[in-house]
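# Topology and contacts: notes
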Amino acid sequence: MTGISIPFNKAGLRGPEFDYISQALSAGHVSGDGPFTKKCQKILQEQLGVPRALLTTSCTHALEMAALLLRLKPGDEFIVPSFTFVSTANAFVLRGAKPVFADIRSDTLNLDETKLEGHITPRTRAIVPVHYAGVGCEMDPILSLAHHHGIVVVEDNAHGLYGKYRGRFLGTFGALATLSFHETKNITCGEGGALLVNDPQLIERAEIIWEKGTNRSRFFRGQVDKYTWVDIGSSYVLSDILSAFLFAQLESASIIQQRRQEIWTYYHTHLKSWADRNQVRLPRVPEHCQQAYHMFYLLFPDLDTRQAMIRHLKEQGILSVFHYLPLHLSDMGHQFGGQPGDCPVTEWVSDRLLRLPFFNPLTWEEQERVVAAMMNFNP
Ligand SMILES: *Cc1c(COP(=O)(O)O)cnc(C)c1O
């Protein structure tokens, strides 16, 4: 065996990245909030129809900004799916708030909106839905529940950029939403993210927190005659060099999304009857959700079969991965009272889910090899 020949992920370039980065270097403004940062924010605002987008150093940092904006403090609670990345919880835990782990639906693997009400207490301040694999959560019932109880919704939309729920872009429902431009995401600049501010009342303070607690943004708009320390904040602004990289990707969003749709559809079409014969479940996308084609996963009948498939693919040079150990069963989760059995669907899925290689420059020939390798698997 020669090692891995089809990786799980690889960054795909569109072409203009090099040119834009060299433009940023020549222009001399390489810190944040430069010309490319502004272009990226503008294009995101236009594409999604959001009032304000702020580029950040990561989705993790955008989530931290959300926790600062909501003034979360010890004693507060927030509801988060157990089936998500660590940062969805950690950003709020950093402010001293307590995560309340909620289970997911077995069809979309998204926050189970029917179980949310049972988690709400007088201390609940936020609900943080994650649009898993870029398929929208049931935002109508989630928003109406949140509204009824005076709770803020922050969408962790790391997977769902350009996905839609009932015709509306993911990331435009919550008062705040976050995006990730990490190498593993649809659109990337290596490491990066964005905070989408949908509630206009939060825009001014979001800019202040973003600019290290200063009113620098207002100063540059000429709204104040000097800028100074006005609030808490930190260093969340993305360098213009990375913004230049990102702009090349955002400009080609429709080509990237088209390609990802093709990759997803190829897997789905070619694996469907094999999956049916082997009690393997393919992703389910409800009629009213237009997915963002972030990943292709399969659900195996049990843990042993999934592990055997990972080994089998690896022997053929193909890297496939599982996803998300339940947060409520992690070391940190236990400290917040997490126990086995708290989120049964999450625990079931975590043992059975497998993600196939999925990246923009994945070739047809490589996809053919992945599919062929899966078909000659004998557990
Ligand atoms: C990738 C990811 C993050 C973190 O993104 P970074 O940009 O790496 O900080 C957060 N939440 C989810 C659901 C993710 O998939």
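Residues numbered from 1 in each chain as written. Predicted model: local features only at pLDDT ≥ 70, side-chain atom pairs only at ≥ 80, totals over all residues. Heavy atoms only, no water.

### Some points on the sheet that holds strand β2 (residues 77-81)
Reading across from one edge, β1-β9-β8-β5-β4-β2-β3 is the order of the seven strands in this open sheet, with mixed pairing throughout. Where the open sheet ends on each side, the last strands, each with one partner, are β1 (52-56) and β3 (98-102). Each strand of the sheet is rotated relative to its neighbour by a mean of 25 degrees, with strand direction disregarded. Here strand β8 (residues 176-180) runs beside strand β9 (residues 193-197); their pairing, made up of five bridges, is antiparallel. By the bridge assignment for β9, Thr 178 is matched with Leu 195. Here helix α6 (residues 203-210) sits on the sheet and contacts β1 and β9; the angle it forms with β1, its principal contact strand, is near 15 degrees. (Pairing = 2+ DSSP bridges. Helix = DSSP H or I, 4+ residues; strand = E, 2+ residues; numbered from the N terminus. Axes fitted to C-alpha atoms, helices over the stretch in contact; angles between N-to-C directions. Contact = heavy atoms within 4.5 Å.)

### Brief notes about the nonpolar core
Phe 78, Phe 92, Val 154, Leu 176 and Leu 195 are the most contacted members of the largest nonpolar core, which totals 36 residues. Mapped by element, the contributors of at least two residues to this core are α3 (59-69), β2, α4 (86-93), β9 and α6. In terms of residues, this core owes the most to one element, α3, which gives eight residues. Residues within four places of Phe 78 in sequence aside, it is in contact with Thr 88, Ala 89, Phe 92, Val 93, Ala 97, Lys 98, Pro 99, Val 100, Ala 126 and Val 128. The next biggest cluster of nonpolar side chains, apart from the first, holds 29 residues, and it includes Phe 296, Phe 300, Met 309 and Met 374. (Core = buried A, V, L, I, M, F, W, Y, C linked by side-chain atoms within 4.5 Å. Buried < 20%, exposed > 50% of the residue type's maximum accessible area, 1.4 Å probe, protein only.)

### So, the pattern of salt bridges
If the charged atoms of two oppositely charged side chains come close together, the side chains can form a pair. Overall, the coordinates contain 17 salt bridges when judged by the stated rule. As a salt-bridge pair, Lys 42 and Glu 46 come within 3.2 Å of each other at their nearest N and O atoms. Within this pair, Lys 42 and its partner Glu 46 are both found in helix α2 (residues 35-48), separated by four residues, close to a single helical turn. Glu 46 carries the same exposure label as Lys 42, and that label is exposed. Residue Arg 52 is joined to Glu 207 by a salt bridge in which the shortest nitrogen-to-oxygen separation is 2.8 Å. Of the two residues, Arg 52 is situated in strand β1 and Glu 207 in helix α6; the sequence distance between them amounts to 155 residues. Note on accessibility: Arg 52 and Glu 207 belong to one class, buried. Salt bridges sharing common partners tie together Asp 33, Lys 38, Glu 211 and Arg 216. (Salt bridge = Lys/Arg side-chain N within 4 Å of Asp/Glu carboxyl O.)

### Some details on the site of the ligand
Not every one of the 15 residues close to the ligand is listed here, only the nearest: Thr 60, Asp 156, His 159, Ser 180 and Lys 185. Asp 156 places a side-chain nitrogen or oxygen 2.7 Å from a nitrogen atom of the ligand. Within the contact set of the ligand, an oxygen atom lies 3.4 Å away from a side-chain nitrogen or oxygen of Tyr 324. In the complex, the protein chains occlude 92% of the 380 Å² of accessible area that the ligand would expose alone. Taken together, the residues of the shell around the ligand sort by class into five nonpolar, eight polar and two charged. (Near = heavy atom within 4 Å. Polar contact = N/O pair within 3.5 Å; in protein donor to acceptor, adjacent residues only side chain to side chain. Areas by Shrake-Rupley, 256 points an atom, 1.4 Å probe, with all protein chains shown as cover. Nonpolar A, V, L, I, M, F, W, Y, C, P; charged D, E, K, R; others polar.)

### Regarding α6
In terms of burial, α6 is largely enclosed, as seven of its eight residues are buried. Within α6, the full set of buried residues consists of Ile 203, Arg 205, Ala 206, Glu 207, Ile 208, Ile 209 and Trp 210. Taken together, the buried residues of α6 touch α2, β1, α3, β9 and α7 (216-220). A positive phi of about 60 degrees marks Lys 212, the residue just after α6.

### Description of the side chain of Thr 88
Residue placement: Thr 88 occurs in helix α4. Among the residues examined, Thr 88 registers a relative accessible area of 0% and is labelled buried. Within the structure, the side chain of Thr 88 is placed 2.9 Å from the side chain of Asp 156, a separation counted as a polar contact. Apart from the residues within four sequence positions on either side, Thr 88 is in contact with Leu 63, Phe 78, Val 80, Val 128, Val 130 and Asp 156.

### Observations regarding the pairing of strand β4 (residues 124-127)
In the sheet, β2 pairs with β4 via three bridges, with the strands oriented parallel. Opposite Ile 79, over in β4, you have Ile 127 as the bridge partner. Relative to strand β5 (residues 152-156), β4 runs parallel, the two sharing two bridges. Note on β5: the bridge partner recorded for Ile 127 is Val 153.

### Structural notes on the domain arrangement of the chain
With domains assigned, the chain is organised as domain 1 (17-251) and domain 2 (253-375). Placing a centre on the C-alpha atoms of domain 1 and another on those of domain 2 gives a separation of 25 Å. Of the roughly 3200 Å² buried where domain 1 meets domain 2, counting both sides, 62% is carbon and sulfur surface. Ranking the residues of domain 1 by area buried against domain 2 places Phe 83, Phe 101 and Asn 186 at the top, with a combined share of 19%. Across the domain 1-domain 2 interface, the total number found is zero salt bridges. (Domains from an automatic or database assignment. Buried area = accessible area lost by both parts, 1.4 Å probe.)

### Observations concerning the packing of aromatic side chains
What the rule picks out here adds up to 16 aromatic pairs. When the ring of Phe 36 is compared with that of Phe 247, the centres are 6.2 Å apart and the planes differ by 55 degrees; the resulting orientation is tilted. Residue Phe 36 is found in helix α2, and its partner Phe 247 is found in helix α8 (residues 240-251); the two are separated by 211 residues along the sequence. Of the two residues, Phe 36 and Phe 247, both sit in the buried class. When the centroid spacing of 5.1 Å and the interplanar angle of 85 degrees are considered together, the rings of Phe 83 and Tyr 324 count as edge-to-face. (Phe/Tyr/Trp six-rings, centres within 6.5 Å; stacked < 30°, edge-to-face > 60°.)

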